Amino acid sequence: MKDVTNPHDKLFKEIEETKENIRDLIESTFPKRLLKNFDLTTLEKDNNSYIDSSLKEYYSDLVFNCLYKSDTAVKITILFEHKSYKPVNEYPQLLHYLLNIWDYSLKNKEIPPIVIPVIFYHGKEKWQVKPFSDYFKGMDENLKQFIPEFKYIFTDLNRIPDEEIIKEKFKSKVNKVMVLLLRHMSDEEYIKEELKDIFSLIKEFFTEEKKGIIISFLVYIMSTTEIDDKFIEKCLNEISPEGGKIVMTTAKKLKQEGKQEGKREGKREGKREDARRMLMKGYSIEDIIYITGLSREEIEKLK
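Residues numbered from 1 in each chain as written. Predicted model: local features only at pLDDT ≥ 70, side-chain atom pairs only at ≥ 80, totals over all residues. Heavy atoms only, no water.

Caption draft 1: Structural context of the overall build of the protein. Check the secondary structure of the protein and you find 13 helices and 5 strands. For the protein, with 303 residues in total, the buried portion stands at 44%. Residue pairs at least 24 apart in sequence account for 63% of intrachain contacts in the protein once pairs closer than 6 positions are excluded. Total accessible area computed for the protein in this model is approximately 17000 Å², and 52% of it derives from carbon and sulfur atoms. (Helix = DSSP H or I, 4+ residues; strand = E, 2+ residues; numbered from the N terminus. Buried < 20%, exposed > 50% of the residue type's maximum accessible area, 1.4 Å probe, protein only. Contact = heavy atoms within 4.5 Å. Areas by Shrake-Rupley, 256 points an atom, 1.4 Å probe, with all protein chains shown as cover.)

Caption draft 2: Looking closely at the sheet that holds strand S4 (residues 114–121). One open sheet accounts for 5 strands, arranged S1-S2-S3-S4-S5; its pairing is mixed. Looking at strand neighbours, the two that pair on one side only are strand S1 (38–46) and strand S5 (153–156), the edges of this open sheet. Neighbour to neighbour, the strand axes of the sheet diverge by 25° on average, direction disregarded. Note that S1 and strand S2 (residues 59–68) share 5 bridges and pair antiparallel. Among the inter-strand pairings, Phe38 is bridged to a residue of S2, identified as Tyr68. Contacting S2, strand S3 (72–81) and S4, helix H1 (residues 7–16) runs over the sheet at an angle of about 25° to S2. Here helix H2 (residues 19–29) sits on the sheet in contact with S1, S2, S3, S4 and S5, set at roughly 130° to S1. (Pairing = 2+ DSSP bridges. Axes fitted to C-alpha atoms, helices over the stretch in contact; angles between N-to-C directions.)

Caption draft 3: Inspection of helix H9 (residues 211–224) at higher detail. Compared with an ideal rise of 1.5 Å per residue, which puts 14 residues at 20 Å, H9 spans 20 Å between its outermost C-alpha atoms and is within 8% of the ideal. Among the 14 residues in H9, 13 count as buried, and that is most of the element. (Expected span 1.5 Å × (residues − 1).)

Caption draft 4: The pattern of salt bridges, seen in detail. Applying the stated rule across the entire model yields 14 salt bridges. A salt bridge links Glu238 to Lys234, with the nearest nitrogen and oxygen atoms 2.8 Å apart. One end of the pair, Glu238, and the other, Lys234, are both in helix H10 (residues 229–239), 4 residues apart, so they sit about a helical turn from each other. Classification of Glu238 as partly exposed rests on a relative accessible area of 42%. (Salt bridge = Lys/Arg side-chain N within 4 Å of Asp/Glu carboxyl O.)

Caption draft 5: Structural context of the side chain of Glu16. Among the secondary structure elements, Glu16 is positioned in helix H1. Lacking a salt bridge, the buried Glu16 has Arg23 as its closest oppositely charged neighbour, with an N-O distance of 12 Å. Excluding residues that lie within four positions of it along the chain, Glu16 makes contacts with Asn21, Ile22, Leu25, Leu62, Phe64, Asn175 and Met178. (Lys, Arg positive; Asp, Glu negative; His and termini not counted.)

Caption draft 6: Up close: the layout of surface pockets. Within this model, the second largest pocket holds a volume of roughly 340 Å³. If you trace the second largest pocket, you find 13 residues lining it, with Val115, Ile116, Pro117, Lys151 and Tyr152 closest to the centre. Among the secondary structure elements, those contributing two or more residues to the lining of the second largest pocket are helix H3 (32–35), helix H4 (90–107) and S4. Top element by residues in the lining of the second largest pocket is S4. It accounts for 4 residues. Considered class by class, the residues forming the lining of the second largest pocket number 11 nonpolar, no polar and 2 charged. (1 Å grid on protein atoms, 1.4 Å probe; cavity = no way out; pocket = protein on both sides within 12 Å on 5 of 7 lines; lining within 4 Å. Points joined across faces, edges and corners; volume = space filled by probe spheres on them. Nonpolar A, V, L, I, M, F, W, Y, C, P; charged D, E, K, R; others polar.)

Caption draft 7: Representation of the pairing of S3. Of all 10 residues that make up S3, 8 are buried, and the element is covered over most of its length. In this sheet, S3 lies alongside S2 in antiparallel orientation, the contact comprising 10 bridges. Bridge pairing in S3 places Ser60 opposite Phe80. Relative to S4, S3 runs parallel, the two being bridged by 8 bridges. Bridged to Leu79 within S4 is Ile119. On the question of chirality, the crossover connecting S3 to the parallel S4 by way of H4 is right-handed. (Right-handed = clockwise from strand over helix to strand, strands pointing away.)

Caption draft 8: Expanded view of the packing of aromatic side chains. For the structure on display, the rule yields 15 aromatic pairs. Between the aromatic rings of Phe12 and Phe80, the centroid separation amounts to 4.6 Å while the plane-to-plane angle is 20°, which identifies the pairing as stacked. With Phe12 in helix H1 and Phe80 in strand S3, the pair connects residues that are 68 residues apart, well separated along the chain. Between Phe12 and Phe120, the ring centres sit 5.5 Å apart and the planes meet at 45°, which makes this aromatic pair tilted. With Phe12 in helix H1 and Phe120 in strand S4, this residue pair connects regions lying 108 residues apart in the sequence. For Phe120, a relative accessible area of 1% gives the class buried. A connected cluster of aromatic rings, assembled from ring pairs, spans Tyr91, Tyr121, Trp127, Phe132, Tyr135, Phe136, Phe150, Tyr152 and Phe154. (Phe/Tyr/Trp six-rings, centres within 6.5 Å; stacked < 30°, edge-to-face > 60°.)

Caption draft 9: Molecular detail of unusual backbone geometry. The residue Ser70 is not glycine, and still its phi comes out positive at about 75°. For Lys109, which is not a glycine, the phi torsion comes out positive at approximately 55°. Its place among the elements puts Lys109 in the loop between H4 and S4. Since its relative accessible area comes to 80%, Lys109 is described here as exposed.

Below you can see the structure in the form of structure tokens.
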């Protein structure tokens, strides 16, 4: 039974929060002329998320601070597009996101950072990157100056051939597996046929101390496909009989816990939506706390 929650961005964030994996992802996808100026040894995760309620339908984010040319601090914002199709116009969403970051800096009396937006996309619909000004009619050079032009780095995971992924695109084996699964998750026959080979890429992770990575991938597969658990367990046992049994047992347990958490989060989101409506109608925060059971902090954020 497929899970109703969004497992794609959950997997992406679990894998790419690791410094080794995100560094490899950046090195494998950034333009070389830009990449050569980064000191990726300074890469550090920013624990803030700048996705607000109007953006979370489309993106989840991972934010990293890094030095550029040794002394310029920049934010690299990794935006995972989880609607699986191109928005009509991505620039207003991106501009909104950038303003969230700069507004946060100004409120904290900090110098607004240079932000590099990076979009990772795994949908089937073709995504053509074009300038923001191309979305306007009647544009000429006199009017163009009033359009806030900016760029973003774009990676379409579906446009990277499997052979390139396996042989050369990524150094991290974990990234190879993640991208292969994201590319093909809508094709269950492919996943079944290639499952053993895909997990064989990371067979060293079947050990006790590294099994968390295997479990993350298993929960993702079990949450997004109808592939029988026994079939998956058989493939894993052929790679590592002892390790396969351990990770499969844990993955089943986590999948069930994830379903329960998804139900709880769904109910909580319903309460947040009720709170938004009450704020718009002028209810006091005290009344909203009493009716919804949400905390004052949550309601203040919604406000």
